[in-house]
Protein chains: 2
Amino acid sequence: MTRGVGLHLTQPLHRALREGADAVATIDGARVRTWRETVARVRRAADVLAGHGVAPGDRVALLAPNGDVFVDLLFGTMWAGGVLVPVNTRWSAAEIAHALVDSRPRVLVIDHGFLPLLPAIQVAVPQMPPVIVSGGAASGFDDWEALLAAATEAEEHLRHGDDLAALLYTGGTTGASKGVMLSHRALLTYAMCLAGSGESAPGACMLHTAPLFHVGALSGLLASLLNRARHVFLPAFEAGAVIAAIAEHRVSDLFLVPTMVQSLLDHPSFAAHDLSCVERVYYGAAPIAPALMDRAIAAMPRVGFVQGYGMTETSGSVALLKPADHRHDTRVRSNGRAVMAIEMKIVDAGDRELPAGERGEIVVRGDAVMAGYWNRPEESAAALRGGWMHTGDVGWMDADGYVHVVDRLKDMILTGGENVFSIEVEGALSCHPAVAQCAVVGRPDDHWGETVHAVVVLRDAATADELIAHCRDRIARYKCPRSVEFRSALPLSAAGKILKAQLRDEAKDGR
Amino acid sequence: MTRGVGLHLTQPLHRALREGADAVATIDGARVRTWRETVARVRRAADVLAGHGVAPGDRVALLAPNGDVFVDLLFGTMWAGGVLVPVNTRWSAAEIAHALVDSRPRVLVIDHGFLPLLPAIQVAVPQMPPVIVSGGAASGFDDWEALLAAATEAEEHLRHGDDLAALLYTGGTTGASKGVMLSHRALLTYAMCLAGSGESAPGACMLHTAPLFHVGALSGLLASLLNRARHVFLPAFEAGAVIAAIAEHRVSDLFLVPTMVQSLLDHPSFAAHDLSCVERVYYGAAPIAPALMDRAIAAMPRVGFVQGYGMTETSGSVALLKPADHRHDTRVRSNGRAVMAIEMKIVDAGDRELPAGERGEIVVRGDAVMAGYWNRPEESAAALRGGWMHTGDVGWMDADGYVHVVDRLKDMILTGGENVFSIEVEGALSCHPAVAQCAVVGRPDDHWGETVHAVVVLRDAATADELIAHCRDRIARYKCPRSVEFRSALPLSAAGKILKAQLRDEAKDGR
């Protein structure tokens, strides 16, 4: 069978060149670039990477905030045939080091704002790759802009279809984060699906507030690119700056997590600006409180809200709750329907499909699903058993195909759009000498969705503040407990397992 | 790398079951079936096919008009893991026999209306497969309905991704028709793309008038199925019946070829029915004359017209001209922009990309492109050289990415050293009020190489000299017809395309 060239992530770039080379592509602060300029930079970026030894299939690690340099590296890596490893900028040095040791990139591009982390990273990574600094020169390091200026425009290494495009590290259910392998086809199939959901429109202006190292923001960028959007970047979410950027650039599309929605509505400048340009707000990554949703709809009546439910392993949202669904009494309380590229069903513990209304695990399949976890064949096979991605989420589907996510993998905590796995926090806590036993659960919170709550049995004296400080030395700040409760014993099952469901209920009641 | 399950053509069926099992699926005359009933039939169809020896990868040939039995066989073949070979119902016994000899199906399902062709087919096919008759019992043959009634509901053989789903025979430019190999991924990627083009809507009602053995109608069915449409079938195109069916079933979506558009507008009952339910008319498969387009827009001002440009080898239209484009002065004269799943460019004879505005061959790539021609490795490699499908069409692209198809490479007329594009001459001729239909071909000439020859169907009286004079007011003298032939009708293919090859042959023979 003759094989043509399958979906490839540079396709939207080629399209942008053919359909409007001189249209605005990116706006990053005062810096505005057209597609023609962007592609020229991408080609130079590919030349720089190749000069650093990046061959097809090699990994390129990136530690940078949102911005046009992220676009250089995303597409420059693809152009060079490489595999992007966009590192979570909120991670500790130890967590970053884990991703580098696991993925063995050929080069690390780091924004100069993260240079203070570098010594600790270098100590923890035996085979440290060469480092390039972006966002400003730093003595002793190659400077990204200087390298680009000296580069030539490389020819494309056309990787496509099942070829690996990105490794996105996600908190594993059993502790250390795992690299989710997403192919060119997976990411672009999903982007097509989102771009064609009927909830996006050609000529949009997308403001990127959520971090691009997360799959939701990354796939949102690819989808809006397919719809010929221009892209406005802010380095981080700050409500006042977001509101000002919306008004200045006439932003039509936003991707937010629920905590961001609340911050925008609460901000004193919200009412003072003309935000009538906003047409669509995508939100997700955490459940949104009904009261907050109602408030958001009332404050922005013209806006179409689109909720996404998905995960890194599926390249983005596998289900969307569309604007019309938000005006429907019962559907608004669901998590929407499967996107076109995804088949979704609910199964019991034996992987048998359950009828409408019955709770079970949500499983999905289709081209947007990951190829597996990097270097973890057993965990990959388990997650993808029978050809279905097992989400670890519990839910049910109504007779119209709307999925209701009722519980997550029971140990996972969703706080401010981030997944926190309790076992990882418990690991950090339990290495404190005063801690005899501990359990970490999510506690419902109007602002964050959930906060991290620790229940601890002490063997020696310690304060909550001491334990939280101990954790901050070991794991990212957002993973650290926000509240600590001391007990003389943890509730145990007959088999000796800690009864986390009971602790969760007690934490909820104890608000 | 772990491989999940890629896109599969039964996915929309599974989705229909989960999102509305008791909704109407098909309306075929007085027969109405829900999705639950349809899937039960599909599962029984798979059992029947397996009982006839169809194993995964085996071909199933179908010779039937549009109707719900076509749906049984399309999805039943997929369910059984087979490859559908939908045979052109307008072919002669010899042409049908060629497809059967070439594809070697395990079974042939034939509508009883085509039984008169069977003896001649059997003579021409040495290894004739078993025959099942649908649409009514026939003595001496297995009856499809009786077999279905006796069958059990089979488990699915899940073929997907690059697995072959269909062989669509297309008239080769050099004689015998070739089997275009379309995978599950190609057909479903294209269907997603069309369903997500923004020009279709959930809950639509699609009337299938164009024959489903053609890729345009087949992909339209898959796309509208993804959008949860219900499907109305008519066995063949007859303008009065189409108008009645639109009004009766409140049809929202139609797929037409230009000759059908004209027949509808000309029909006496057009004005007498309430056709305000029609929201979208897809048209394509042949160039439409500007005068006809203007007339159609004037007659149906609420309708969104969507023009598709594509071919069997690309699973459907690679470019769409959307409703808004029809209201744009220059874009309305183009053939639209590439759909999301397709990358398109214009190349010279050496396959080098040409800049905007320059004429060359249109080439495309992406997951929707065929895997090749069945059993024709050389022709496959030639058509797909460099990873791009070479369409054989001449065109140019403007700076906004709109493609203008100038002509088929083979329809181009070479006269006195000049290239004349037949479509341009046809455009000039067809705006003469007396001209109902026309086709322009090259006629061999010792002096000029070829001369421009017009074949015209008149609606009012006109002479050849009048028509030639009319053209001279509009296009260059060398492009004007040198000879005009009047006929009562033009020869049409099953898809309603004017058979230019036949007209060329007849012009050559001096008719």
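Residues numbered from 1 in each chain as written. Chains lettered and ligands numbered in written order. Predicted model: local features only at pLDDT ≥ 70, side-chain atom pairs only at ≥ 80, totals over all residues.

**Q** Mind showing me how you'd approach the overall build of chain A here?
**A** Within chain A one finds 16 helices and 26 strands. In terms of overall dimensions, chain A has a C-alpha envelope of 65 × 60 × 55 Å along the principal axes. Taken across its 511 residues, chain A has 53% of its residues classed as buried. In chain A, once contacts between residues fewer than 6 apart in sequence are set aside, the share between residues at least 24 apart is 68%. (Helix = DSSP H or I, 4+ residues; strand = E, 2+ residues; numbered from the N terminus. Buried ≥ 20, exposed ≤ 12 C-beta atoms within 10 Å, placed from the backbone. Contact = placed C-beta atoms within 7 Å.)

**Q** Any chance you could explain the interface of chain B and chain A here in plain terms?
**A** Interfaces are often sized by the amount of accessible area the parts lose when they come together. Between chain B and chain A, the contact holds 42 residues from the first and 41 residues from the second. Secondary structure elements with two or more residues in the side of chain B that touches chain A: helix H1 (11-20), helix H7 (184-195), strand S16 (337-338), strand S17 (343-347), helix H13 (377-383) and strand S20 (389-397) of chain B. Ranked by residue count, the leading element in the side of chain B that touches chain A is H1(B), at 6 residues. For the side of chain B that touches chain A, the per-class residue count stands at 17 nonpolar, 14 polar and 11 charged. (Nonpolar A, V, L, I, M, F, W, Y, C, P; charged D, E, K, R; others polar.)

**Q** Quick question: what am I supposed to make of the environment of Ala80(B) here?
**A** All names here are of chain B. Relative to the helices and strands, Ala80 resides in the loop between helix H3 (68-79) and strand S4 (83-86). Residue classification places Ala80 among the buried residues on the basis of 28 C-beta atoms within 10 Å. Remark: the alpha-carbon pair of Ala80 and Ser263, spanning 183 residues in sequence, is separated by 40 Å. For Ala80, the residues in contact, after removing those within four places along its chain, are Ala46, Leu49, Ala50, Val54, Ala154 and His157.

**Q** Teacher, can you tell me more about the sheet that holds strand S21 (residues 403-408) of chain B here?
**A** Through backbone hydrogen bonds, the strands of a sheet pair up, either in parallel or in antiparallel fashion. Residue and element names in this part refer to chain B. The strand order across the open sheet formed by 4 strands is S17-S18-S20-S21, and the pairing between neighbours is antiparallel. The two strands at the open ends of the sheet, each matched to only one other strand, are S17 and S21. On average, each strand axis in the sheet is tilted by 45° relative to the strand beside it, whichever way the strands run. Bridge analysis of strand S18 (residues 360-365) against S20 gives 4 bridges, and the strand direction is antiparallel. Paired with Val364 across the strands is Met389, a residue of S20. (Pairing = 2+ DSSP bridges. Axes fitted to C-alpha atoms, helices over the stretch in contact; angles between N-to-C directions.)

**Q** Help me understand the packing of H1(B) against helix H2 (residues 35-51) of chain B in this model?
**A** Geometrically, a packed helix pair is captured by the angle between its two axes and the distance between the axes. Residue and element names in this part refer to chain B. Orientation of H1 relative to H2, taken along the N-to-C sense of each, is 145°, at an axis distance of 9 Å. As H1 packs across H2, the resulting crossing turns out to be left-handed. Each of Leu13, Ala16, Leu17 and Gly20 in H1 lies in contact with H2, whose residues at this interface are Trp35, Arg36, Val39 and Val42. In terms of residue class, the contact of H1 with H2 is built from 6 nonpolar, 1 polar and 1 charged. (Left-handed = near helix turned anticlockwise from the far one by under 90°.)

**Q** So what exactly am I meant to see when it comes to helix H10 (residues 258-266) of chain B here?
**A** Because an α-helix packs 3.6 residues into every turn, residues spaced three or four apart end up facing the same way. If you check which residues of H10(B) are buried, you get Pro258(B), Thr259(B), Met260(B), Val261(B) and Leu264(B). In the core, the buried residues of H10(B) are packed alongside helix H9 (239-249), strand S12 (253-256), strand S13 (280-284) and helix H11 (290-299) of chain B.

**Q** Would you take a moment to explain the packing of H10(B) against H11(B) for this structure?
**A** Residues and elements named next belong to chain B. Relative orientation of the contacting elements H10 and H11 amounts to 50°, with a least axis distance of 11 Å. Classified by the angle between their axes, H10 and H11 sit oblique to one another. In this structure, the crossing between H10 and H11 has a hand that is left-handed. Counted together, Pro258, Val261, Gln262 and Leu265 of H10 and Leu292, Arg295, Ala296 and Ala299 of H11 form the full contact between these two elements. (Parallel < 35°, antiparallel > 145°, perpendicular 65-115°, else oblique.)

**Q** Can you help me understand the domain arrangement of chain A in this one?
**A** One can read the domain layout of chain A as domain 1 (1-183) and domain 2 (412-509). On a C-alpha basis, the centroid separation for the pair domain 1 of chain A and domain 2 of chain A is 35 Å. (Domains from an automatic or database assignment.)

**Q** What should I look at first to understand unusual backbone geometry in this one?
**A** Residues apart from glycine generally show negative phi values, whereas peptide bonds are mostly found in trans. Residue and element names in this part refer to chain B. Although it is not a glycine, Arg250 adopts a positive phi angle of roughly 50°. Its location among the elements puts Arg250 in the loop between H9 and S12. C-beta crowding within 10 Å serves as the criterion here: with 13 such atoms nearby, Arg250 is assigned to the partly exposed category. With phi around 65°, Asp351 is a residue other than glycine that occupies positive phi space. Within the element layout of this structure, Asp351 appears in the loop between S17 and S18.

**Q** Help me understand helix H2 (residues 35-51) of chain A in this model?
**A** The terminal C-alpha atoms of H2(A), which comprises 17 residues, lie 24 Å apart, in line with the 24 Å expected from a rise of 1.5 Å per residue. Gly53(A) lies just past H2(A) and shows a positive phi near 90°. (Expected span 1.5 Å × (residues − 1).)

**Q** What's the story with the sheet that holds strand S1 (residues 24-28) of chain A in this structure? I'm lost.
**A** All names here are of chain A. Pairing is mixed in the open sheet, where 9 strands are placed in the order S2-S1-S11-S10-S12-S13-S14-S15-S16. The open sheet has two edge strands, strand S2 (31-34) and strand S16 (337-338), and neither has a second partner. Looking at chain direction, S1 and S2 are connected through 4 bridges and run antiparallel. Across the sheet, the residue bridging to Val24 is Thr34, located in S2.

**Q** Would you take a moment to explain the environment of Met192(B) for this structure?
**A** By the element assignment, Met192(B) lies in helix H7. Its 29 C-beta neighbours within 10 Å are what place Met192(B) among the buried residues. For the pair Met192(B) and Leu226(B), spaced 34 residues apart in sequence, the C-alpha separation works out to 7.2 Å. Residues contacting Met192(B), with those up to four places away along its chain left out, are Met192(A), Cys193(A), Gly196(A), Met340(A), Ala341(A) and Leu226(B).

**Q** Looking at this structure, how should I read the pairing of strand S22 (residues 412-415) of chain A?
**A** Strand residues, when the strand is regular, have side chains that alternate between the two faces of the sheet. Residues and elements named next belong to chain A. Burial along S22 is one-sided: the face carrying Ile413 and Thr415 is buried and the face carrying Met412 and Leu414 is not. As paired strands, S22 and strand S23 (residues 418-421) are joined by 4 bridges and run antiparallel to one another. Across the sheet, the residue bridging to Met412 is Phe421, located in S23.

**Q** Help me understand the environment of Leu264(B) in this model?
**A** Residues and elements named next belong to chain B. Counting through the fold element by element, Leu264 comes out in helix H10. Accessibility expressed as a C-beta count within 10 Å gives 24 for Leu264, which makes it buried. Leu264 sits 32 residues away from Ala296 along the chain, and the two C-alpha atoms are 9.4 Å apart. Leu264 has contacts with Ala239, Val242, Ile243 and Phe270, leaving out every residue within four places of it along the chain.

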